[in-house]
Amino acid sequence: MSHSEKYTPNPDRYNNSEGFQHCGKSGLKLPRLSLGLWHNFGDVDDKEEAVKMLKHAFDNGITHFDLANNYGTPFGSAEKNFGKTLKENFAPYRDELIISTKAGHDMWPGPYGDGGSRKYLIASLEQSLKRMKLDYVDVFYSHRYDPNTPIEETMGALSHMVKQGKALYVGISKYPEDKAREAYRILKENGTPCLIFQGRYSIFSREIEQEVLPLAKENGVGFIGFSPLAQGLLSDKYLNGIPENSRAAHSYGFLQANQITTEVVSRIIKLNDIALQRSQTLAQMALAWCFHQPDVNSVIIGTSSVKQLQDNINALKNLSFTDEELWRIGELG
Ligand SMILES: NC(=O)c1ccc[n+]([C@@H]2O[C@H](COP(=O)([O-])OP(=O)(O)OC[C@H]3O[C@@H](n4cnc5c(N)ncnc54)[C@H](OP(=O)(O)O)[C@@H]3O)[C@@H](O)[C@H]2O)c1
């Protein structure tokens, strides 16, 4: 499809709509796979491929796009580029989309561009709405817990956004368990219950299974996992070194080459064997594996090409695991 041609989404995009899950006890359903724009959608990335990925995602029932104020290189560029694509292609479909953004990490200079203050969060949401050319986001997250701001202030800012109509729901990301408990209580008292907890989850990062997941369930809060492929480690791409153009090869990527040790590669090789025995790619198995925990509502994938995106979508064809497979995978995590 040429750039200027009008985009017509796939009419069969919801054929597999049993793939949608209620987010916690809320009425909002999320697709099993959500697409994150942390990497691959900034000004340093291939913009044409980025637009193709967004269309391909939506054409396959991926209705949820996850952003943050500082996504993309430079900061803000993922929201800006996404806003452009939204306006040019998705404007008639806004009500079919769940768009999330966040603030909490370093964004602009000075004392008001980082952390959990009311000043930062509310100013940041205004900026995000401008960059994405939106009137509201579906979900706004506090991106991380800030020990130097009273949690009542951070949660108060989130509740204010909902009451203003600039965010339909709110969530928290990477909060320690005791602070998540407080956040859930305060948001409930404010009349704006927490929709969702966003945490790292993959075969290589299972910490949330201990406390975060049970606590979310107890509070009716949904769970969405990020970096389900451990930034690409859980794929076949690093089996034979670090390919050019991979996240680990880029100076601006968050995956560092020194994380790919021989010990890690030896585990990836064994996991790859298990995936092949299941007739899946390692990326597919790693994504499917996340759903062996029934309280994982969705996982946020990041892809650098339509080919990867399609590979990942095919993961949903086989989500079942034998106890033996789960045990073997667990031993390699
Ligand atoms: N709340 C938070 O603090 C937080 C933190 C991190 C992420 N997130 C969210 O989670 C999203 C996903 O994170 P992530 O990008 O780290 O996820 P990921 O799925 O673990 O890693 C994505 C990377 O894996 C590689 N990949 C993906 N599919 C592949 C396939 N089929 N075969 C081979 N390689 C494949 C690609 O790497 P190459 O680029 O090398 O091709 C891609 O960029 C982010 O965009 C963001 O929305 C949130």
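Computed from a prediction, not measured in an experiment: that's the story for all the values here.

Draft legend 1. Representation of the environment of Glu152 in the model. For Glu152, the location among the structural elements is in helix H4 (residues 151–164). In this structure the C-alpha to C-alpha distance between Glu152 and Val162, which are ten residues apart in sequence, comes to 15 Å.

Draft legend 2. Seen up close, the site of the ligand. Around the ligand sit 30 residues in total, of which Gly36, Trp38, Gly232, Ser235 and Gly302 are the nearest. Listed by contribution, the elements that provide at least two residues to the shell around the ligand are strand E10 (298–301) and helix H9 (306–313). The greatest single-element share of the shell around the ligand, amounting to three residues, is contributed by H9. When its residues are assigned to classes, the shell around the ligand shows nine nonpolar, 16 polar and five charged.

Draft legend 3. Spatial organisation of unusual backbone geometry. In this chain, Thr73 is followed by Pro74 through a cis amide linkage whose omega measures -5°. Examined against the element boundaries, Pro74 turns out to sit in the loop between strand E4 (64–66) and helix H2 (77–90). Look at Asn40: it is not a glycine, yet its phi comes out positive at around 75°. Turning to its location among the elements, Asn40 is positioned in the loop between strand E3 (33–36) and helix H1 (47–59).

Draft legend 4. Focus on the sheet that holds strand E8 (residues 194–200). If you walk around this closed barrel you meet the eight strands as E3-E4-E5-E6-E7-E8-E9-E10, and the pairing is parallel. If you compare each strand with its neighbour and ignore which way they point, the axes differ by 30° on average. In the packing of H4 onto the sheet, the strands contacted are strand E6 (137–142) and strand E7 (167–173), and the crossing angle to E7 comes to about 155°. Across the face of the sheet, helix H5 (residues 177–189) comes into contact with E7 and E8 while running at roughly 160° to E8.

Draft legend 5. Helix H8 (residues 282–290), seen in detail. Within H8, nine of the nine residues are buried, which leaves it mostly tucked inside the rest of the structure. Looking at H8, one finds that the buried residues are Leu282, Ala283, Gln284, Met285, Ala286, Leu287, Ala288, Trp289 and Cys290. Looking at the buried residues of H8, the elements they touch are strand E9 (222–226), helix H7 (262–277), E10, H9 and helix H10 (323–332).

Draft legend 6. Representation of the nonpolar core within the structure. Counting residues in hydrophobic clusters, the biggest one holds 88 residues, and the most contacted among them are Val139 and Val170. Looking at which element gives the most residues to this core, the answer is H8, with eight residues. The contacts of Val170, once residues within four sequence positions are left out, are Val139, Phe140, Leu158, Met161, Val162, Leu187, Thr192, Cys194 and Leu195.

Draft legend 7. Summary view of the pairing of E7. By the criterion of burial, E7 is predominantly enclosed, with six of the seven residues buried. Crossover E6 to E7 through H4 is right-handed. Two strands pair when backbone bridges link them, and E7 and E8 are joined in this way by four bridges, in the parallel orientation. Considered in E8, the bridge of Ile172 is made with Phe197. In this view, the connection linking E7 to its parallel neighbour E8 by way of H5 has right-handed handedness.

Criteria and thresholds
- Residues numbered from 1 in each chain as written.
- Predicted model: local features only at pLDDT ≥ 70, side-chain atom pairs only at ≥ 80, totals over all residues.
- Helix = DSSP H or I, 4+ residues; strand = E, 2+ residues; numbered from the N terminus.
- Near = placed C-beta within 6 Å.
- Nonpolar A, V, L, I, M, F, W, Y, C, P; charged D, E, K, R; others polar.
- Pairing = 2+ DSSP bridges.
- Axes fitted to C-alpha atoms, helices over the stretch in contact; angles between N-to-C directions.
- Contact = placed C-beta atoms within 7 Å.
- Buried ≥ 20, exposed ≤ 12 C-beta atoms within 10 Å, placed from the backbone.
- Core = buried A, V, L, I, M, F, W, Y, C linked by C-beta atoms within 7 Å.
- Right-handed = clockwise from strand over helix to strand, strands pointing away.

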